[in-house]
Amino acid sequence: MLVSAKEMLQKAKAGHYAVGQFNINNLEWTKAILAVAEELKSPVILGVSEGAGKYMTGFRTVADMVKAMIGEMKITVPVALHLDHGTYEGCLKCVEAGFSSIMFDGSHYPIEENVEKTKELVQICSEHGMSLEAEVGSIGGEEDGVIGAGECADPNECKMIADLGIDMLAAGIGNIHGKYPANWQGLSFETLDAIQQLTGDMPLVLHGGTGIPEDMIKKAISLGVAKINVNTECQLSFAAATRKYIEAGKDLEGKGFDPRKLLLPGTEAIKETVREKMQLFGSVGKA
Ligand code: 13P
């Protein structure tokens, strides 16, 4: 069964650790992430971008697949299925499809419009027992064709959005999706601290989890980050392991071209990445 992310994130914030959101693209990734969460007794959030949803033929396919897998794999740890960077329309589709959590990314709207739309979604989510993430201050870099400049959120605007009844808040603090450029200035802990002071118990979300140095991750958790999103790092480890398999000619040996064999090294590599992240975020054994 899927659960809302509300309770797992409240526990994480109170216990000073973070729950990982790992984005899924297909059956293999989903299976790998669920297997590691169960192995490490960690709560987990499966993130689905609108692009990944389309790729998998629609949000209903994704929701039905994940629910069936939780049953077939006898997963006992809490699992939330979460729309990542949703449009308003995308959010409504995921409510219909049976997701347990959504992110409304209204960061590109003027703050008044972000507030209005977020308010409507707070109401809808509470009717469906779902959790809602809102965003203030765009996250930099490119994700699924969405390019954000990367900015530090205004703590007062964060407070305004947090007070609407959302369950988690993503605030830009200089974080970027994808690889960080060599001249990256690092996370703005001053901004994070100011946001946490104003928003109190609200679990904060750190996007762009790939490539942030470990000490910065730990500091962010100590300042109220309770959910960390990771996508690119799984893609990189999957691609590297698949490339190695093919370059070694393994796909030409025996039945190495069988998709179940061909995708195995990449899937194992994702598992290792997820294990490392869950250890670093401190969510192991917290299910
Ligand atoms: P990365 O791709 O940088 O890991 O970011 C993931 C993310 O923030 C998803 O919303």
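Residues numbered from 1 in each chain as written. Predicted model: local features only at pLDDT ≥ 70, side-chain atom pairs only at ≥ 80, totals over all residues. Heavy atoms only, no water.

Draft legend 1. View of the pattern of salt bridges. According to the stated counting rule, one finds twelve salt bridges in the structure shown. Ionic pairing is found between Lys-117 and Glu-113, a salt bridge with its closest N-O pair at 3.0 Å. Of this pair, Lys-117 and Glu-113 are both found in helix H6 (residues 111–128), four residues apart, which corresponds to roughly one turn of the helix. With relative accessibility at 18%, the residue Lys-117 sits in the buried group. The shortest N-O distance in the salt bridge between Lys-159 and Asp-163 comes to 3.0 Å. The class for Asp-163 is exposed, based on a relative accessible area of 53%. (Salt bridge = Lys/Arg side-chain N within 4 Å of Asp/Glu carboxyl O. Helix = DSSP H or I, 4+ residues; strand = E, 2+ residues; numbered from the N terminus. Buried < 20%, exposed > 50% of the residue type's maximum accessible area, 1.4 Å probe, protein only.)

Draft legend 2. A look at the site of the ligand. Surrounding the ligand, one finds 14 residues, the nearest of these being Asp-84, Gly-178, Gly-208, Thr-210 and Thr-232. A distance of 3.1 Å separates an oxygen atom of the ligand from a polar side-chain atom of His-177. Between an oxygen atom of the ligand and a side-chain N or O atom of Thr-210, the distance comes to 2.5 Å. When contributions to the shell around the ligand are tallied by element, the ones reaching two or more residues are strand S3 (79–86) and strand S10 (225–230). Across the shell around the ligand, the residue classes break down as two nonpolar, ten polar and two charged. (Near = heavy atom within 4 Å. Polar contact = N/O pair within 3.5 Å; in protein donor to acceptor, adjacent residues only side chain to side chain. Nonpolar A, V, L, I, M, F, W, Y, C, P; charged D, E, K, R; others polar.)

Draft legend 3. Quick look at empty space enclosed by the protein. Under the counting rule described, the total for this entry stands at one cavity of 30 Å³ or more. Volume-wise, the largest cavity comes out at about 50 Å³. Taken together, Leu-169, Ala-171, Ile-173, Leu-192, Ile-195, Leu-204, Val-205, Leu-206 and Val-225 form the lining of the largest cavity. At three residues, strand S9 (residues 204–206) tops the list of elements feeding residues into the lining of the largest cavity. Along the lines of polarity and charge, the residues of the lining of the largest cavity split into nine nonpolar, no polar and no charged. (1 Å grid on protein atoms, 1.4 Å probe; cavity = no way out; pocket = protein on both sides within 12 Å on 5 of 7 lines; lining within 4 Å. Points joined across faces, edges and corners; volume = space filled by probe spheres on them.)

The analysis is restricted to geometry; functional conclusions fall outside its scope.
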